[in-house]
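A structural walkthrough
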Amino acid sequence: MKNLNIAFEDVVIEMKKYLSKKESFDIVKKAYDFASEHHKDQKRKSGEPYIIHLNNVAFTCATLEAGPHTIAAAYLHDTMEDCDVSFETIANEFNEEIAFLVESVTKLKKITDNASNSEDFLAENHRKIFIAMAKDIRVIIIKLADRLHNMRTLSFHNDEETEKRIAKETLEIYAPIAHRLGINTVKSELEDLSLKYLEPEKYQHIKMLLATKEEKRKATLKIMEDNIDNLLNKYNIKHTISGRVKSIYSIYKKMYVNQKTFDELYDLQALRVITDTIPECYEILGYIHAEYRPIPGRFKDYIAMPKPNLYQSLHTTIVAEDGQIFEVQIRTKEMDEIAETGVAAHWRYKENTVYSAKSEQKEIEEQLHWFRDLIAISDDTNAKEYMQILQKDVFGANVYCLTPKGRVIDLPAGSTPVDFAYKIHTHVGQSTVGATVNGILVPLSTELNTGDVVDIRTTKNPNALPNKDWLKFVKTTNAKNAIKKTLSKYDNELRRDEIIDEGRELLENAIRQDKDLDKQKVLKMIEDKKFLSNLGVENVVSLYVALSNHTININSLVNSIKQEEEKTKTVTAFTRKKNNVSIDGIIVPGVDNIAISFSQCCSPVPGDEIIGYISQGKDIKIHRKDCPNILNQKERIIDVEWDYDYFKENKIPHYADIEITASTRDTLLQDVINHLSLLKITCVSCHISNNNTTLNSIVKICVQVNDINHLNEVINSLSSSLTGVYDVHRYFKN
Ligand code: MN
């Protein structure tokens, strides 16, 4: 546990290591005073004055050599949320940049505090956090520092569930971000603290294992340190050597994830040799290998091939005379700083250069291409997928391969040339036809290893498609999704389940958003054969498919559902009282309380001559006077009229069936639908049949119109504006 009693003076001492201008210190002091004043009545859960938290956050930022504005913002980061200080106040008292930083951190906090435990909700929240953070590296630095102190004081929550939730979030979001930015000091502490709350027993167990052999380990390490020191002195190479403590979390991972025993962990005993130049690093490596036997396969050259978080170092594992195993890391001073604080070291604040947040951000995105992924993947993937891609493809990447031009592509273990190709660019993935690894032609399913130089062979054919079989071996979510997406356009079979789900989701969302709709009732209604056939579909599955393809519009479906519900209500209600009132826009002289429905065989619209038929169910079905189904009926017929006033007040869509005869062409149905949407006409169903002898097609559509004039407009427009159309007319259904 790090010292928590950090005072303002400690922050100043830390700042003095890299800052000297008076105004840098003035603005931080002002922020300290401002925060002390505004938080003066607040205490942390630990009982400590609130300013202790702010001192800690500012101190961590200063150890990462953040600029004075960032440190000032660290002091102010809780004032908006906890003390109701406005953006304007901070902008006026300090400046807009500081206000912007505080506001960004505050927004992030709101996202986090909102956390519920539903998986979707969490995933969505996590995505928001990543995207918000990725916009400005300084926001990440403050947020990491804030989280670090909150984790150090987590036990004061006294609530296991909250502690576990926060620890899990830290391990899933903040530690990976710190890792990927190379801010190792923060990353290791965040991981260890998270583990302490998530796996308390294992954490204590490892701590105990480390403690029991600590003395002995220290002693052997010291001997090895001296030996190497003497060796290098003999060759007059400038160097410093230090021992290295391995983090509890990294031991935990090797023991419980990779199933190693504590004694099998080679790198428990590790030495770090720091020197001046890169050639000296290799020289030192040479002398050490000449003196001690290196373990094959354990040498790694991260100088020639830096990790995506910019980490550089030589790693080797050697065996001492007595059989003890040591890991040795060799690197320059600059590399060592980057190994500790990563991005922060690389882009440390320099007082005498003009700081531009924008250009820094651009530079970071150029050097850390995965950083751009944080923002870029979000386009049209859902939140869960986003987290999957992030955790697997971005944070989980530990195999580093090279393009022939030397660009490093990082991939999760088990990745193949196809994953590699998609990682370069979706287009490259799409047009992949083969690959060589280290100059040898290999199957596309070959597993790649770190250091492989991969050359992707692509086709110039612009219509090239990915191979369906690739799905069997690709590793990255990114490649998988891209392949599926492209193929789905061509392979409906592959997408059928997805399509049905999409349609179902559309309907369920509509139900959720409309408080008039009851889910159970609706689901029952759409099982009804008659209802479905009115919509022009055979069963529920085809309804979902139609919804997903937009051949049935969700809004018109909702309208139909509501109309259907109204009908059933009226049938059971029989409540209308007044004489000669209209029922649903129909006047039935002398009758005031009967249910009305419009027959589907002739679909009357206002303006049509109509007649009523009293059905067995004792409701009245309205038909057109010339409807063949009614022509020979003498009994059960009743006179009815349209109540045109009713329609002035109530916009009720009426269905009409139209038949179009036209010469056959591929795009006919599409042209009809497009034309209807130009006319702003809702088409509830459509059907096309081709006659191969006459080379004519018959398109049958059901549209929604207000009245007969509206309908005639549609018919005229269809027959005059579409090419190849011979005839357009209303038709009767059987
Ligand atoms: Mn805070």
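Small disclaimer: the values here were computed from a predicted structure and weren't measured.

With that out of the way, let us pick up the overall build of the protein. From N to C terminus, the protein includes 30 helices and 22 strands. In terms of overall dimensions, the protein is more spread out than a globule: its C-alpha atoms have a radius of gyration of 36 Å, far above the 27 Å expected for 734 residues. A principal-axis box enclosing the C-alpha atoms of the protein has dimensions of 120 × 70 × 50 Å. The long-range fraction of contacts in the protein, counting pairs at least 24 apart against all pairs at least 6 apart in sequence, stands at 65%. About 36900 Å² of surface is accessible on the protein, with carbon and sulfur atoms providing 49% of the total. Positive and negative side-chain charges of the protein, numbering 96 and 108 respectively, have mean locations separated by a distance of 2 Å.

Here we take up the packing of aromatic side chains. Within this structure, the stated rule accounts for nine aromatic pairs. Ring geometry for Y235 against Y287: centres 3.7 Å apart, planes inclined by 5°, an arrangement best described as stacked. Of this pair, Y235 sits in the loop between α13 (214-234) and β1 (240-244) while Y287 sits in helix α15 (residues 278-291), and the two are 52 residues apart along the sequence. Judged by relative accessible area, which is 38%, Y235 ranks as partly exposed. An aromatic cluster is defined as three or more aromatic residues linked by ring pairs; in this entry it consists of F8, Y32 and Y75.

Attention shifts here to the coordination of the manganese ion. Within the protein, the atoms that donate to the manganese ion are H53 (NE2), H77 (NE2), D78 (OD) and D146 (OD), at distances of 2.2 to 2.4 Å. Taken in chain order, the donor set of the manganese ion reads H-x23-H-D-x67-D. Of this pair, D78 sits in the loop between α4 (68-76) and α5 (79-83) while D146 sits in helix α9 (residues 137-152), placing them 68 residues apart in sequence. Given a relative accessible area of 2%, D78 falls into the buried group. Judged by its relative accessible area of 3%, D146 falls in the buried class.

We now examine the confidence of the model for the protein. Residue-level pLDDT values for the protein average 84, and 92% of them are 70 or greater. Contacts for the low-pLDDT stretch residues 572-579, under 50 throughout, to residues beyond four places or in other chains number 14 contacts.

Strand order in this open sheet of four strands is β14-β16-β15-β17, and the pairing throughout is mixed. With one partner strand each, in any of the chains shown, β14 (596-598) and β17 (637-638) form the two edges of the open sheet. Note that strand β15 (residues 610-614) and strand β16 (residues 620-624) share five bridges and pair antiparallel. Considered in β16, the bridge of I610 is made with R624.

We note that N438 has phi near 50°; this positive angle belongs to a residue other than glycine. Counting through the fold element by element, N438 comes out in the loop between β9 (432-437) and β10 (440-442). Positive phi outside glycine occurs at S603, with the angle close to 40°. In this fold, S603 is placed in the loop between β14 and β15. Among the residues examined, S603 registers a relative accessible area of 7% and is labelled buried.

In terms of burial, helix α26 (residues 540-549) is largely enclosed, as seven of its ten residues are buried. Turning to α26, its buried residues are V540, L543, Y544, V545, A546, L547 and S548. In the segment just after α26, H550 is the residue with positive phi, at about 65°.

Looking now at the environment of E65. In this structure, E65 sits in the loop between α3 (50-63) and α4. As a C-alpha pair, E65 and E14 span 51 residues in sequence and 8.4 Å in three-dimensional space. Other than its neighbours up to four places away in sequence, E65 contacts Y18, R348 and Y349.

Moving on, we come to the side chain of R180. Counting through the fold element by element, R180 comes out in helix α10 (residues 160-180). Taking relative accessible area as the criterion, R180 reaches 2% and is therefore assigned buried.

Attention now moves to the sheet that holds strand β13 (residues 586-587). Spatially, the three strands line up as an open sheet ordered β12-β13-β18, and their pairing is antiparallel. Each edge of the open sheet is held by one strand with a lone partner, namely β12 (582-583) and β18 (641-642). With two bridges joining them, β13 and β18 adopt antiparallel strand pairing. Looking across to β18, one finds that I586 is bridged to W642.

Applying the stated criterion across every chain, the model contains 32 salt bridges. A salt bridge links K222 to D226; the shortest N-O distance between them is 2.9 Å. Of this pair, K222 and D226 both sit in helix α13, four residues apart, which is roughly one turn of that helix. K222 sits in the partly exposed class, given a relative accessible area of 44%. Since its relative accessible area comes to 33%, D226 is described here as partly exposed. Here R624 makes a salt bridge to D626, at a shortest N to O gap of 3.8 Å. The buried category is assigned to R624, whose relative accessible area is 9%. On the basis of relative accessible area, D626 is assigned to the partly exposed category, the value being 45%. Three or more residues are tied together by salt bridges with common partners; here these are R272, R331, D336 and E340.

Turning next to the domain arrangement of the protein. The domain boundaries assigned to the protein delineate domain 1 (8-183), domain 2 (209-341), domain 3 (396-470), domain 4 (495-576), domain 5 (582-650) and domain 6 (654-730). Here the C-alpha centroids of domain 1 and domain 4 sit 49 Å apart.

With that settled, the discussion passes to the nonpolar core. Judged by nonpolar contacts, the single largest core of 80 residues is most densely connected at M15, I71, Y75, I90, I98 and L144. The leading source of residues in this core is α9, at nine residues. Excluding residues that lie within four positions of it along the chain, I71 makes contacts with V11, M15, Y18, V28, A58, C61, A62 and A66. Listed in part, the 24 residues of the second largest apolar core include V522, F531, L543 and V545.

So, about the pairing of strand β5 (residues 314-319). Counting buried residues in β5 gives six out of six residues, a clear majority hidden from the surface. Residues of β5 alternate between two faces, with L314, T316 and I318 on one and H315, T317 and V319 on the opposite face, all of them buried. Note that strand β3 (residues 293-294) and β5 share two bridges and pair antiparallel. From the neighbouring strand, R293 faces β5, where its bridge partner is V319.

This paragraph deals with the packing of helix α12 (residues 200-212) against helix α14 (residues 248-257). At their nearest, the axes of α12 and α14 sit 10 Å apart, and the two run at 105° to each other. Taken as axis vectors, α12 and α14 run roughly perpendicular relative to one another. Within the contact between the two elements, α12 uses K202, Y203, H205, I206, K207, L209 and L210 and α14 uses I248, I251, Y252, M255 and Y256. Considered class by class, the residues forming the contact of α12 with α14 number nine nonpolar, one polar and two charged.

What counts and what doesn't
Residues numbered from 1 in each chain as written. Predicted model: local features only at pLDDT ≥ 70, side-chain atom pairs only at ≥ 80, totals over all residues. Heavy atoms only, no water. Helix = DSSP H or I, 4+ residues; strand = E, 2+ residues; numbered from the N terminus. Rg over C-alpha atoms; globule rule 2.2 N^0.38 Å. Contact = heavy atoms within 4.5 Å. Areas by Shrake-Rupley, 256 points an atom, 1.4 Å probe, with all protein chains shown as cover. Lys, Arg positive; Asp, Glu negative; His and termini not counted. Charge placed at Lys NZ, Arg CZ, Asp CG, Glu CD. Phe/Tyr/Trp six-rings, centres within 6.5 Å; stacked < 30°, edge-to-face > 60°. Buried < 20%, exposed > 50% of the residue type's maximum accessible area, 1.4 Å probe, protein only. Donors = N, O, S within 2.8 Å, 3.2 Å for Na, K, Ca; no water. pLDDT = per-residue confidence, 0-100. Pairing = 2+ DSSP bridges. Salt bridge = Lys/Arg side-chain N within 4 Å of Asp/Glu carboxyl O. Domains from an automatic or database assignment. Core = buried A, V, L, I, M, F, W, Y, C linked by side-chain atoms within 4.5 Å. Axes fitted to C-alpha atoms, helices over the stretch in contact; angles between N-to-C directions. Parallel < 35°, antiparallel > 145°, perpendicular 65-115°, else oblique. Nonpolar A, V, L, I, M, F, W, Y, C, P; charged D, E, K, R; others polar.

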